[in-house]
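Structure at a glance
Chain residues, written in single-letter form:
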Amino acid sequence: GIVAGTEACDDGVNSGLCGSCATDCSQETTCWTQVAAGWMHTCGLKADGSVACWGANDGGPNDYGQATPPAGTFTQVGAGYYHTCGVKTDGTVACWGANDSGQSTPPVGTFSQIAAGYTHTCGVTTDGTVACWGNNDGGQSTPP
């Protein structure tokens, strides 16, 4: 993986190490801004807003599509057990992977932050409330 400050980047105007020029190299695909670790997969948000995922699950690589993000640009990503969700730049949530408990079916609305659990997902909406979806066997999808 790429570690900030170790990967060279060059945006045609400024060049240097990723950690020192990530702001100037916002379109570089070698600079990362966030990572999220799931069961046996990891997804990361690149400086250009794209998401890349890697790893496998116990039945083979990418069993449920949890490591195959959709196209588009994101501001944040959260990895769960067999699913992954991300906040797109327009504030909507996109999820991919397993959906046996509804964990990959986000509600309509816009979000500023997302967190994926085992078979549920929660996010902070842009109006400051918490919304959850998916499995609720232990009350984990019912915010206080």
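Going by the structure above, here's the rest.
Residues numbered from 1 in each chain as written. Predicted model: local features only at pLDDT ≥ 70, side-chain atom pairs only at ≥ 80, totals over all residues. Heavy atoms only, no water.

Turning to the overall build of the protein, a few remarks are in order. Helix and strand content of the protein: 1 helix and 11 strands. For the protein, the succession of helices and strands along the chain, N to C, is β-β-α-β-β-β-β-β-β-β-β-β. Here the protein, with 144 residues, has 40% of them falling under the buried criterion. When contacts within the protein are restricted to residue pairs at least 6 apart in sequence, long-range pairs at least 24 apart make up 28% of them. As displayed, the protein offers around 7,100 Å² of accessible surface, 54% of which is attributable to carbon and sulfur atoms. (Helix = DSSP H or I, 4+ residues; strand = E, 2+ residues; numbered from the N terminus. Buried < 20%, exposed > 50% of the residue type's maximum accessible area, 1.4 Å probe, protein only. Contact = heavy atoms within 4.5 Å. Areas by Shrake-Rupley, 256 points an atom, 1.4 Å probe, with all protein chains shown as cover.)

Before going further, it helps to examine the state of the cysteines. Inspection of the entire model under this criterion finds 3 disulfides. Across the disulfide from Cys-43 sits Cys-53; the S-S distance is 2.1 Å. Measuring the twist about the S-S bond at about 105°, one finds the Cys-43-Cys-53 disulfide to be right-handed. Remark: Cys-53 occurs in strand β5 (residues 51–55) and Cys-43 occurs in strand β4 (residues 41–46); sequence separation between them is 10 residues. Accessibility assignment for this pair places Cys-43 and Cys-53 in one class, buried. With its sulfur 2.0 Å from that of its partner, Cys-122 forms a disulfide with Cys-132. The sign of the 110° torsion about the S-S bond sets the Cys-122-Cys-132 disulfide as right-handed. With Cys-122 in strand β10 (residues 120–125) and Cys-132 in strand β11 (residues 130–134), this residue pair connects regions lying 10 residues apart in the sequence. Of the two residues, Cys-122 and Cys-132, both sit in the buried class. (Disulfide = S-S within 2.5 Å.)

Here we take up the pairing of β11. Where β10 lies against β11, 5 bridges are found, and the strand directions are antiparallel. Paired with His-120 across the bridge in β11 is Gly-134. (Pairing = 2+ DSSP bridges.)

Let us now look at the sheet that holds β4. In spatial order, the strands read β3-β4-β5; together these 3 strands make up an open sheet with antiparallel pairing. Unpaired on one side and paired on the other, β3 (32–37) and β5 mark the two borders of the sheet. Strand-to-strand, the axes of this sheet are offset by a mean angle of 20°, without reference to chain direction. As paired elements, β4 and β5 share 5 bridges and run antiparallel to each other. Residue pairing for β5: Leu-45 is matched across the bridge by Val-51. (Axes fitted to C-alpha atoms, helices over the stretch in contact; angles between N-to-C directions.)

This part takes up the packing of aromatic side chains. Tallying each qualifying case throughout the model produces 7 aromatic pairs. Plain terms: the ring middles of Trp-39 and Tyr-81 are 5.2 Å apart, the flat faces sit at 45° to each other, and that makes the pair tilted. With Trp-39 in the loop between β3 and β4 and Tyr-81 in the loop between β6 (74–79) and β7 (83–88), this residue pair connects regions lying 42 residues apart in the sequence. On the accessibility criterion, Trp-39 (45% relative accessible area) is partly exposed. With a centroid separation of 5.7 Å and an interplanar angle of 70°, the aromatic rings of Phe-111 and Trp-133 are classed as edge-to-face. Placement of the pair is Phe-111 in strand β9 (residues 111–116) and Trp-133 in strand β11, with a sequence separation of 22 residues. (Phe/Tyr/Trp six-rings, centres within 6.5 Å; stacked < 30°, edge-to-face > 60°.)

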